Amino acid sequence: MRSVFTRLVLVLAVLLPPLLSFDVASAGAAAPAAPAAPWPAVSLSASASPSSVLTGGSVTYRVDLTNAGDVAANDVSVVYTLPAGFGYTWGSARIYRDGIRISSANPAVSGRTLTWGGLTVPARRGDSFYGINTMTQERCNINYISWQLDHARYLMGYGAWAKQLFYGINSASNDPQSCWVDFVNAAYDRGLKPVIRLAGEHGGSFWHKPQADWPGNYTSIAQAFARVVAKLPRRAGHKLYIQLWNEPNLNLEWGGAANPTEYGQFLEQTAGAIRTMTGGDGQIVILNAPMSPGGDIAATTFTSEMFRTVPNSRWAFDVWAAHSYPANYPPELNIHRGQAVNNNAAIDSYVPEVQVLAAWGRPYAPIFLSETGYLLSQQLDRRYPAISETNRADYMSRAFQYYWRAWPELIGVTPYELSDSGSAWSGWNWVEEDNARHAQYNTVLGLDKSYPYAASQLTIKFQTAAASTPGTYTSNVEASSSNTGISPQYGAAPVVVYAPQPTATPTRVATATPTRTPTAIPTNTPTATATATSTNTPTNTPTNTPTNTPTNTPTNTPTNTPTNTPTNTPTNTPTNTPTNTPTNTPTNTPTNTPTNTPTNTPTNTPTNTPTSTPANTPTNTPTSTPANTATPTATYTGIPDAHAYRDPDQHAHANANGSGHIDTDAHPHLHADGYSHAHMDTDAHPHLHADGYSHAHMDTDAHPHLYADGYSHAHMDTDAHSHLHADGYSHAHAYADSHADRHCHDHPGGFPGPHCPGRPTATRNRGG
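Residues numbered from 1 in each chain as written. Predicted model: local features only at pLDDT ≥ 70, side-chain atom pairs only at ≥ 80, totals over all residues. Heavy atoms only, no water.

Novice: Can you lay out unusual backbone geometry for me, pointing to particular residues and giving the numbers?
Specialist: That bond from Ser49 to Pro50 is cis: its omega, -5°, falls within 30 degrees of zero. As for its position among the elements, Pro50 is in the loop between strand E1 (42–49) and strand E2 (52–54). The omega torsion across Tyr416 and Glu417 is -25°, close enough to zero to call that bond cis. Mapped onto the elements, Glu417 comes out in the loop between strand E17 (410–413) and helix H9 (439–445). Even without being a glycine, Asp98 presents a positive backbone phi close to 50°. Along the polypeptide, Asp98 turns up in the loop between strand E6 (94–97) and strand E7 (100–103). You can call Asp98 buried: its relative accessible area is 11%. (Helix = DSSP H or I, 4+ residues; strand = E, 2+ residues; numbered from the N terminus. Buried < 20%, exposed > 50% of the residue type's maximum accessible area, 1.4 Å probe, protein only.)

Below is the structure:
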């Protein structure tokens, strides 16, 4: 039988285009020898952060147990002896598996000795994690099966995973279809790991849930599933992975109403029937039905409820299967890195499920990513670009190369999907039936797949209070396992404890405040006053004159301009500190004069200033300033009515008719009426408009606006706010950023958003 099949495959290989250049007949041969470690190989290390701390300060200790072997280290205990004078901070302990927190249990504490027991350090990932979903269920023939699996082998390499749907099983099913047998054998022949998703009957727009004999009893359907599995090919040196159902937290995948208790009962009883009927064959590995990240019942809620109501369902699976669809987020926005924008839309959205498993006693279950990938043109989050051929290839390459490779809990990843001969799922295709490759195919094809190994790591973190006596302190750490030896670490994680320095604080405070403040302010004030040319003159004026000038000059000079300010300022300023003198004097004299001069009396300033001010430079500088300011004033007047303009700094300026003025930098503006209106924006600041009236203006956050027509127009901006405009009428206005979008996407897994009525899968029976 095998020889006939092999000859047939060889004929097909000749007929296929030369892109599949590997030898199909020898594809099942082993890949180059990989380093073997058929035992636990655990190393121990410890560190402290910070490495130096004040007496009594907080120190975080970290213990890492790293397993580079192919066998898990079982019954692991860790004993940590704290330095003298250090004390454990109760409730601070955390245990992580490959960076995922799986426990917050306190250790057993006896004096300075902390003990954790009953731990496991999982085996490393020792085989390829690359894989792909194939789609041969609608064309169940050897030619099409061979074409898909040839591509899977060529694209993902030796030892890759090939996942395939077999559906239509009911209580009367007794044997697998012949093409199901062909698929499994063809996968073995190519050195691929077959993952078979078993499903029931499709109802047109939904999947019929498994038929129970009576509530809670699934004996008949469980036996039918077991009969199918028992008659699938098994081959020495290979494993057969069986996934029981798909996304049961979606209503449409479970007869219209997702039910965690029912699925838990089906999973437990069917897994038990398979193990019984196959004699507990270790070559058969059972996977749960992966949850949809956007299911009708949240994945974590569904899983917790399933374990609560059917406790034995926790032990029904050997590998936990999950779906992670990242929408249009780049792979870097993942949970492991703490950068995920949406935990339901990330390349590792399975992480919360792992934490649920840990809470229910399965913290070390291997994880299989049964579906993932990017759909062309999808744009769930508009802050990120829609998925294109280019960024999809880049994202998928980076996900495999930098992230999935680095997470040893993942034993396999099978993106959706290699090729759909129809159109329902073509947006996910990696290759077309005419062998035309999408960009992601070529990019992933070029990745180095020769070393897929990743050591697993168990990490313990906890906090302590440091000793009250200065010195250098070290710790002793020991670990033991029932099936391997682990070298201890003595004198590890050094921490330097030092006493506080009381003299440093008073010296800094006393010197910094009085000395530098008066010096810095006069320097800055003349700069603002004289702008550019009169830098030298104002510098000398505040130095020599402030003693006498603030008394006489501010009183007379700002008589026409600063109203009350000069009266209060000179009185207190010269007496207490030069801080107030340069601040208020230059501010009121030069600031108010240039500000008001261009606005109120561009002609008076040049007349009074040269006569009253002894220095010629400041006199000439303000003189030229009003001349320049007067020009923009005329320019503003010349702008046509009812037109706002925007300058390069993104300021919207008001016109003579008082039309809206919006600014982003709280700058004062000079308006067309010749008056200086204080204008501050973006945070509920008052606006003065061109009609000479002060109109309260509040912006960007649902604040009311008052406009130049004298009426109060409610104004709400940028976030689904309504706008009322200057015509006196209320115009409902809503912007795009706060619309509640409920997207409907045609893709497997039901994520994101609700399933669409009449989705393409209704009649194509393609799962998902």
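Continuing now.
Novice: How would you summarise the nonpolar core if you had to cite specific residues and measurements?
Specialist: Of all hydrophobic cores here, the largest spans 84 residues; its most connected members are Ile242, Leu244, Tyr263, Tyr350, Phe400, Trp404 and Trp430. Not counting the four nearest positions on each side in its chain, Ile242 is found in contact with Ile196, Leu198, Val229, Leu232, Ile274, Ile284, Val285, Ile286 and Leu287. (Core = buried A, V, L, I, M, F, W, Y, C linked by side-chain atoms within 4.5 Å. Contact = heavy atoms within 4.5 Å.)

Novice: Tell me about the state of the cysteines, and please be specific about residues and values.
Specialist: Taken as a whole and assessed by the stated rule, the structure comprises one disulfide. Two residues share a disulfide in this structure: Cys140 and Cys179, whose sulfurs sit 1.2 Å from each other. Across the S-S bond of Cys140 and Cys179 the torsion is about 75°, and the bridge reads as right-handed. Here Cys140 is found in the loop between strand E10 (131–133) and helix H2 (142–156), whereas its partner Cys179 is found in helix H3 (residues 178–189), with 39 residues between them in sequence. For Cys179, a relative accessible area of 5% corresponds to the buried category. (Disulfide = S-S within 2.5 Å.)

Novice: So what's going on with the sheet that holds strand E11 (residues 161–166)? Residues and values would help.
Specialist: Sheet strands pair via backbone hydrogen bonds, and the direction of the pair is either parallel or antiparallel. What the five strands build is an open sheet, ordered E10-E11-E12-E13-E14; its pairing is parallel. Since the sheet does not close on itself, it has two edges, and those belong to E10 and strand E14 (284–287), each with one partner. Sheet twist, expressed as the average angle between the axes of neighbouring strands with direction ignored, equals 20°. In this sheet, E14 lies alongside strand E13 (residues 240–244) in parallel orientation, the contact comprising four bridges. Residue pairing across strands places Ile242 opposite Ile286, the latter belonging to E14. (Pairing = 2+ DSSP bridges. Axes fitted to C-alpha atoms, helices over the stretch in contact; angles between N-to-C directions.)

Novice: Mind laying out H3, listing which residues take part and the relevant values?
Specialist: The end-to-end C-alpha separation of H3 is 17 Å, in line with the 16 Å expected for 12 residues at 1.5 Å each. Among all positions of H3, only Cys179, Trp180, Phe183, Val184, Ala186, Ala187, Tyr188 and Asp189 are buried. Positioned one or two residues after H3, Gly191 has a phi angle of 75°, which is positive. (Expected span 1.5 Å × (residues − 1).)

Novice: Run through the pairing of strand E16 (residues 367–372), naming residues and quoting values.
Specialist: Burial analysis of E16 places six of its six residues in the buried class, which makes it a mostly covered element. Sheet topology note: the strand E15 (residues 320–324)/E16 ladder contains five bridges and is parallel. Each residue of the ladder has a partner; that of His323, found in E16, is Glu371. Traced from E15 through helix H7 (residues 351–359) to E16, the parallel crossover comes out right-handed. Bridge analysis of E16 against E17 gives three bridges, and the strand direction is parallel. Residue pairing across strands places Phe368 opposite Gly412, the latter belonging to E17. (Right-handed = clockwise from strand over helix to strand, strands pointing away.)

Just distances and angles here, no functional claims.
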